[in-house]
Amino acid sequence: GHLLPFSPHISGRIAAALGSRKKCMRYTTSNKVPITVDFKSMKRVNMDTKKESDIVIEILCQHAINQIEVAFGLRQLLSTLVEDLCGVNFMRSVIDKKTSPYKIESVVKNEHAARGSMLFSRFVDAVEKKTIEIPDLLGEIVDLVLKHGEFVGKSRIQYGFHGTPPRNLSFICEKGMDPNLRRSRALDYFGLNASTNMPYCAKDGPLLSESLKLLVFLLLLPNTGRLSPQEIMLQVHKVDHELPIATVELSNNQ
């Protein structure tokens with residue numbers, strides 16, 4: 001697959017431009033028609049007629065992915081993609097559908113997981129290693145960013161909620177999960193939906209007064225980690241596959 005309605009060659013150029021975080025790209029067709037590709041709206045614009053068409057994204061062709069790798073290197077590309085997935089606006093657009101029936105009061109980015117931090121580097125190391133083992137993973141991540149999380153349920157990269165008493169929030173944001181505190185099968189558990197993890201926030205008091213805070217993680221699932229419609233919990237064994245990216249505050253003001 002590739003970016004439609006573009007040829008594989010143009011797909012490669014577009015992917016490289018997107019990887020360099022440009023806002024748009026311009027090129028001329030073989031018929032000398034000037035075209036602008038707007039990455040914010042994901043529109044293809046004929047500059048002569050001003051006609052717009054949607055960019056339909058299948059899975060990026062290997063040629064396009066190779067273009068980005070050549071230009072930026074795998075590590076640089078993965079760091080940029082993970083950073084995009086950690087962005088508050090991107091993240092909120094995904095988790096907003098997973099917090100019903102509660103209202104999101106705030107989403108606070110975890111600065112301890114910013115690019116260049118120990119937690120961020122550790123997670124990207126794990127993703128890079130897995131990408132070498134499973135080449136399709138890079139295409140999944142690029143596709144996920146391009147589609148703005150639309151098909152997050154089909155990816156090995158997932159957002160998960162983790163509930164814990166308030167006294168633990170700062171430690172986890174700074175250090176990540178502590179495997180020495182696990183209680184069950186040497187695994188950490190994350191909810192696909194916020195409501196699944198709310199009871200775990202209540203060990204210091206009532207389940208929900210005016211509001212409560214949950215952690216949001218970016219997770220790297222194992223090869224067999226594809227989700228079925230029945231799944232509500234994600235299980236992760238390795239702490240380097242878990243990146244605490246934000247704290248979300250929810251209220252029951254519906």
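If you're wondering where the values come from, they're calculated on a predicted model, not measured in any experiment.

Let us now look at the pattern of salt bridges. Under the criterion given, the structure shown has six salt bridges. Between E128 and R75 there is a salt bridge whose closest N-O contact spans 3.4 Å. Here R75 lies in helix α3 (residues 74-85) and E128 lies in helix α5 (residues 118-133), a separation of 53 residues in the sequence. Judged by relative accessible area, R75 falls into the partly exposed class, the value being 30%. Its salt-bridge partner being D188, residue R182 comes within 2.9 Å of it at the nearest N-O pair. D188 sits in the buried class, given a relative accessible area of 5%. Connected through salt bridges with shared partners, the residues R75, D125 and E128 form a single ionic network.

What follows deals with the packing of α3 against α5. For the pair α3 and α5, the least separation of the axes is 10 Å and the interaxial angle reads 120°. Of the possible angle classes, the one that applies to α3 and α5 is oblique. α3 and α5 meet at a crossing whose hand is right-handed. Between α3 and α5, the contacting residues are L74, R75, L78, S79, V82 and E83 on the first element and F120, S121, F123, V124, D125, V127, E128, T131 and I132 on the second. By residue class, the composition of the contact of α3 with α5 is eight nonpolar, three polar and four charged.

As a further point, take the pairing of strand β2 (residues 24-28). Side chains of β2 alternate between two faces, with M25 and Y27 buried and C24, R26 and T28 left unburied. Sheet analysis places β2 next to strand β3 (residues 34-38), joined by five bridges and oriented antiparallel. Along β3, the bridge assignment pairs C24 with D38. Hairpin connection of β2 to β3: five residues between the antiparallel strands, including K32 at a positive phi of 65°.

Criteria and thresholds
Residues numbered from 1 in each chain as written. Predicted model: local features only at pLDDT ≥ 70, side-chain atom pairs only at ≥ 80, totals over all residues. Heavy atoms only, no water. Salt bridge = Lys/Arg side-chain N within 4 Å of Asp/Glu carboxyl O. Helix = DSSP H or I, 4+ residues; strand = E, 2+ residues; numbered from the N terminus. Buried < 20%, exposed > 50% of the residue type's maximum accessible area, 1.4 Å probe, protein only. Axes fitted to C-alpha atoms, helices over the stretch in contact; angles between N-to-C directions. Parallel < 35°, antiparallel > 145°, perpendicular 65-115°, else oblique. Left-handed = near helix turned anticlockwise from the far one by under 90°. Contact = heavy atoms within 4.5 Å. Nonpolar A, V, L, I, M, F, W, Y, C, P; charged D, E, K, R; others polar. Pairing = 2+ DSSP bridges.

These figures come from the coordinates and say nothing about function on their own.
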